[in-house]
Amino acid sequence: MPESPEEYCAREVRQHDPDRWLTALFAPDSGRPGLLALYAFNSEIARAREAVSEPMIGQIRLQWWRESWEGIFTDKPRQHPVILALHHHCRTADAGDVMALIDGRERDMDPSPIANMTELLSYARDTSVPLMRLAAQHLGALQVTEMDHVLAGAGTAYALVGLLRATPYLAAQQRVCLPADRLGAAGLTPAAVYQQPAGGALHGVIGAVGEQALSLLNRLHGPRYPRSLLPAILPAVLGRLYLERLLRAGWDPQSPQAGVSATRKHVALLSAMVTRRL
């Protein structure tokens, strides 16, 4: 039997975005296919830069997704499994958040380094918060406007943690997503990050970013959140786990101490669902 669009999305997310695949398991059965379609779409645009040889081609891919969403909204979907799944489950998604998420990925096509912490926070917010908002909307959890600051903090923090953990992977691609001014203060250049083995100076910069992410998450700790919202913000629970491990490892993402077991992830997510706290 041919693979359905929903099965395709689930497989793609499980392969390329296992954290969000895991958190989607805590969503209601009725909402999970659409959630995985959104996450598969995000995976497509997040990998746009690494999938092409030239930034301009990456921009063309992003434009293709803008036009594809226009087809989704007008009931003229392109014959692509992710688009067909989105059309079936997410055709009422907020167009502003969709386009904002795609626009956020334009920064990936810019070879210039991220200048400072402010720019890094902006990049993290733009490439993650709209997705979290779309997930919350899909799950029917955006009726309470007070949740906007929760989505902003959780989404930005999770994106920052992802960038820190991906530092070695990005360095192998000769890319750096750390503030250039902090690198300079530590005696490093962006090029030095991928030209020499990581050391204490780099770990100090990673730690500075990690502390920013931890601060964002700490502001969200304590309140009990609507159960309908939780599956959308559960990635932040995993983000806190990763930060705790990175801190224990001296902010070295390549240290064995920085890893988190599958069992520990499951326990943390179950606890968050039971307590309704991040």
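The residue numbers shown here count from 1 along each chain, following its written sequence. Totals for whole chains, interfaces and linings use every residue, but because this is a predicted model, local features are given only for residues with pLDDT of at least 70 and side-chain atom pairs only at 80 or more, for both listing and counting. Each side-chain value is worked out from all heavy atoms of the structure, with water and hydrogens disregarded.

S.K.: Before we move on, can you summarise helix α8 (residues 129-138) with the specific residues and values?
M.R.: Counting along an α-helix, one turn takes 3.6 residues, and residues three or four places apart therefore face a common direction. Burial classes follow relative accessibility: with a 1.4 Å probe on protein chains only, a residue under 20% of its type's maximum area counts as buried, one over 50% as exposed, and anything between as partly exposed. By the criteria applied, helices consist of DSSP H or I runs no shorter than four residues and strands consist of E runs no shorter than two, each listed in order from the N terminus. Burial analysis of α8 places seven of its 10 residues in the buried class, which makes it a mostly covered element. Of all the positions in α8, only V129, P130, L131, M132, L134, A135 and A136 are classed as buried. Downstream of α8 by one or two residues, G140 has phi in the positive range, about 75 degrees.

S.K.: Quick rundown of the nonpolar core? Include the residues and the values.
M.R.: Counting 93 residues, the largest nonpolar core has F41, W69, L86, L178, Y225 and I233 as the members making the most contacts within it. Here a residue-residue contact requires only that any non-hydrogen atoms of the pair lie within 4.5 Å. Excluding its chain neighbours within four sequence positions, the residues that come into contact with W69 are L38, F41, L86, C90, A93, V98, M99 and I102. We define the nonpolar core as a collection of buried residues of types Ala, Val, Leu, Ile, Met, Phe, Trp, Tyr and Cys that are connected through side-chain atoms lying within 4.5 Å of one another.

S.K.: So what's going on with the state of the cysteines? Residues and values would help.
M.R.: The term disulfide is used for any two cysteine sulfur atoms that are within 2.5 Å. Evaluated as defined, the whole model comprises zero disulfides. The thiol sulfur of C9 is not disulfide-bonded, and the nearest other cysteine sulfur, from C90, lies at 8.8 Å.

S.K.: Could you give an account of the environment of D181, naming the residues involved and the relevant values?
M.R.: Tracing the backbone through its elements, the reader meets D181 in helix α11 (residues 180-185). Residues D181 and N116, spaced 65 residues apart in sequence, show a C-alpha to C-alpha distance of 5.5 Å. Discounting residues that sit within four places of it in the chain, D181 has contacts with A115, N116 and M117.

S.K.: Can you explain the pattern of salt bridges? Please cite residues and give values.
M.R.: When charged atoms on two side chains of opposite charge get close, those side chains can pair. A carboxyl oxygen of Asp or Glu within 4 Å of a side-chain nitrogen of Lys or Arg is what we treat as a salt bridge. In this structure the tally under the stated criterion is 17 salt bridges. D19 serves as the salt-bridge partner of K265, at 3.7 Å between the closest nitrogen and oxygen. Of this pair, K265 sits in helix α16 (residues 262-275) while D19 sits in helix α2 (residues 18-24), placing them 246 residues apart in sequence. Note on accessibility: K265 and D19 belong to one class, buried. Notably, a salt bridge pairs R105 with D108, separated by 2.9 Å at the nearest N-O pair. Judged by its relative accessible area of 8%, D108 falls in the buried class.

S.K.: Describe in detail the packing of aromatic side chains, supporting the description with residues and values.
M.R.: Under the pairing criterion, centres of Phe, Tyr and Trp rings, with the six-membered ring standing for Trp, must be within 6.5 Å; the plane angle then separates stacked pairs below 30 degrees from edge-to-face pairs above 60, leaving the rest tilted. If you walk through the whole model with that rule in mind, you get four aromatic pairs. Ring centres 5.4 Å apart and planes at 70 degrees place the aromatic pair F41 and W69 in the edge-to-face group. Of this pair, F41 sits in helix α3 (residues 32-46) while W69 sits in helix α4 (residues 55-73), placing them 28 residues apart in sequence. Taken individually, F41 and W69 each receive the classification buried, so the pair is uniform in this respect.

S.K.: Run through the side chain of K265, naming residues and quoting values.
M.R.: K265 gets classed as buried once you look at its relative accessible area, which sits at 15%. Leaving out residues up to four positions away in the same chain, K265 has contacts with D19, L22, L238, L241, Y242 and V260.

S.K.: Which residues make up helix α9 (residues 148-165), and what are the values?
M.R.: Between the first and last residue of a helix there are one fewer steps than residues, each counted as 1.5 Å, and that sum is the expected span. Spanning 18 residues, α9 covers 26 Å between terminal C-alpha atoms, matching the ideal 26 Å at 1.5 Å per step. Among the 18 residues that make up α9, 13 are buried, leaving the element largely enclosed by the rest of the structure.

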